[in-house]
Amino acid sequence: MGEISPPSPQRFEPMHHFTYHDGILHAEDVSLPRLADEVGTPFYCYATATLERHYQVFTAALAGLPAHIHYAVKANANMAVVRTLADLGAGADVVSEGELRLALAAGISPKRIVFSGVGKTAAEITLALDHDILQLNVESEPELEAISRIAVASGRVARVALRVNPDIDASTHHKITTGRKENKFGIAWTQAPAVFRYAAGLPCIEVVGLATHIGSQITDLHPFRDAFRRVRSLVFQLRTENFPIRRIDLGGGLGVPYDNDAALPPQPAAYAAVIRETLGDCGCEILLEPGRLIVANAGMLVTRVLYVKEGASRTFVIVDAAMNDLVRPTLYDAFHAILPVVAPPPHTAPRVVDVVGPVCETGDTFATQRPLPPVRAGALLALASAGAYGAVMASSYNLRPLVPEVIVKGGRFAVVRRRPSYAEMLALESLPPWLTPP
Ligand SMILES: *Cc1c(COP(=O)(O)O)cnc(C)c1O
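These numbers come from a predicted model, not from an experiment.

What follows concerns unusual backbone geometry. In this chain, T41 is followed by P42 through a cis amide linkage whose omega measures -10 degrees. Positionally, P42 belongs in the loop between α2 (32-39) and β4 (43-47). Look at D132: it is not a glycine, yet its phi comes out positive at around 55 degrees. Relative to the elements of secondary structure, D132 occurs in the loop between α6 (122-130) and β8 (135-138). Looking at D132, the relative accessible area reads 33%, which means it is partly exposed. Even without being glycine, D333 reaches a positive phi, approximately 55 degrees.

Structure, rendered in structure tokens:
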């Protein structure tokens, strides 16, 4: 490992809009130390320019296709993020009542909302039908029956797409592959025609199409091509049986670069070329549900170094963020680049350290044996590519408050989710009547 310069600007610009100005890391035109002073650490910071750019690059790649983007809210459910994308024309893919309510509150038209997920409750189905959303993506016959029952009772017709499982190995982390036959998702593609016939016989169900989603952080186009070909053959097979498939939902899953040293995932244009090649001529409206691709590199988690501990065989940089704030390294062995917020002087030799949080679990480790410029207590570090599956997966483990979220636009910033107070956290609790209050 050589010298450390402000890390790999060619990879972090211009897609990221997190850049060094005079040696200080900025989100667009706002310096991260300034935000840390205003908000306290740790905090998530999102760059509007990156959200916009990623959305526009993806949209441009799809030009000429009858395609609609339904941002997968689960990747980052911050209302300001969703609203920013809504303003650019995005619809939403939601997976819970909470996400449906948030998408509506963020101003996304119900006509642009798809509801996915393998375990929708009666309350969720009812709410979706009450709002007459675009479609529910259905994953099983029992779910079809439930939707039919609720639609009949409320006097509505439910538009559904059947999510098929194409039995494709997406070659991604086993916890985020979803398109293999042993996964819980979708209807086995071999059973799809039978389930279409079954659905056609159910009252108040209108089958509008097919859906699929094979996994997340997919860095190779082959699994997409294989899955989309399978979808294509199913579309034509179903048409011969007089099921007029007019809409296909291809899910999300395109990966993003986390590690500067790793191979770059395919560009949106190459992904779009696979869609054109496999499904461009099938006469269907195409829905896409990108999540990570839009938001991952638009966010950073900013944390402060509490202590530098010289262990027996390693140096530990102990920071004030922890696995409860960003669980990806613990859950998926995920790599996040870690940037010093104040760039080191040129020609500074790196030190190899472990970057860890304060939680009492060995898994509370953000980086193992990572070369970083020397840091001292009080220094700020930024964990990059934390905009997707970051804040949304946070918990208050160790009774640590959820960290605030800040969004930047040019030289402006706003706290768009504030840190709860301890009083608010404790107010959710109560003692049972058989315990005397202290
Ligand atoms: C998770 C998910 C997405 C988004 O996946 P990304 O990898 O973030 O693009 C889209 N659709 C469905 C059904 C999902 O479960």
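A few words now on the packing of helix α3 (residues 48-61) against helix α4 (residues 79-87). One can describe the packing of α3 onto α4 by two numbers: an axis separation of 10 Å at closest approach and a directional angle of 45 degrees. In terms of axis orientation, α3 runs oblique to α4. Crossing handedness for the pair α3 and α4: right-handed. Taking contact as the criterion, the partners of T48, L51, E52 and Y55 in α3 are, on α4, V81, T84 and L85. Tallied by class, the residues present in the contact of α3 with α4 amount to four nonpolar, two polar and one charged.

With that settled, consider the side chain of E28. By the secondary structure assignment, E28 is in the loop between β2 (24-27) and β3 (30-31). Within the structure, E28 has its side chain in polar contact with the backbone nitrogen of G410 (distance 2.6 Å). In contact with E28, other than residues within four places in its own chain, are H17, H21, A47, T48, A49, V408, K409 and G410.

Frequently, the measure chosen for interface size is the accessible area removed from exposure when the parts meet. When the domains of the protein chain are assigned, the result is domain 1 (9-47 + 296-425) and domain 2 (116-290). One C-alpha centre belongs to domain 1, the other to domain 2, and the line joining them spans 35 Å. Overall, the association of domain 1 and domain 2 removes approximately 1100 Å² of surface from exposure, summing both partners, and the carbon and sulfur fraction of that is 50%. Our count for the domain 1 to domain 2 interface comes out at zero salt bridges. The interface formed by domain 1 and domain 2 holds zero residue pairs in polar contact (both at pLDDT 80 or more) in total.

Approximately 510 Å³ is the volume found for the largest pocket. Lining the largest pocket are 30 residues, and of these K74, T178, F185, H213 and Y389 lie nearest its centre. Residues lining the lining of the largest pocket come from more than one domain, with at least three contributed by each of domain 1 (9-47 + 296-425) and domain 2 (116-290).

Neighbouring the ligand are 14 residues, the closest being K74, S216, E289, R292 and Y389. In this structure, S216 approaches the ligand through a side-chain N or O atom, which is 2.3 Å from an oxygen atom. Assessed atom by atom at 2 Å from the grid points, the ligand resides in the largest pocket. Among the residues making up the shell around the ligand, the classes are represented as three nonpolar, six polar and five charged.

Procedures and definitions
- Residues numbered from 1 in each chain as written.
- Predicted model: local features only at pLDDT ≥ 70, side-chain atom pairs only at ≥ 80, totals over all residues.
- Heavy atoms only, no water.
- Helix = DSSP H or I, 4+ residues; strand = E, 2+ residues; numbered from the N terminus.
- Buried < 20%, exposed > 50% of the residue type's maximum accessible area, 1.4 Å probe, protein only.
- Axes fitted to C-alpha atoms, helices over the stretch in contact; angles between N-to-C directions.
- Parallel < 35°, antiparallel > 145°, perpendicular 65-115°, else oblique.
- Left-handed = near helix turned anticlockwise from the far one by under 90°.
- Contact = heavy atoms within 4.5 Å.
- Nonpolar A, V, L, I, M, F, W, Y, C, P; charged D, E, K, R; others polar.
- Polar contact = N/O pair within 3.5 Å; in protein donor to acceptor, adjacent residues only side chain to side chain.
- Domains from an automatic or database assignment.
- Buried area = accessible area lost by both parts, 1.4 Å probe.
- Salt bridge = Lys/Arg side-chain N within 4 Å of Asp/Glu carboxyl O.
- 1 Å grid on protein atoms, 1.4 Å probe; cavity = no way out; pocket = protein on both sides within 12 Å on 5 of 7 lines; lining within 4 Å.
- Points joined across faces, edges and corners; volume = space filled by probe spheres on them.
- Near = heavy atom within 4 Å.
- Sits in = over half its atoms within 2 Å of the grid points.

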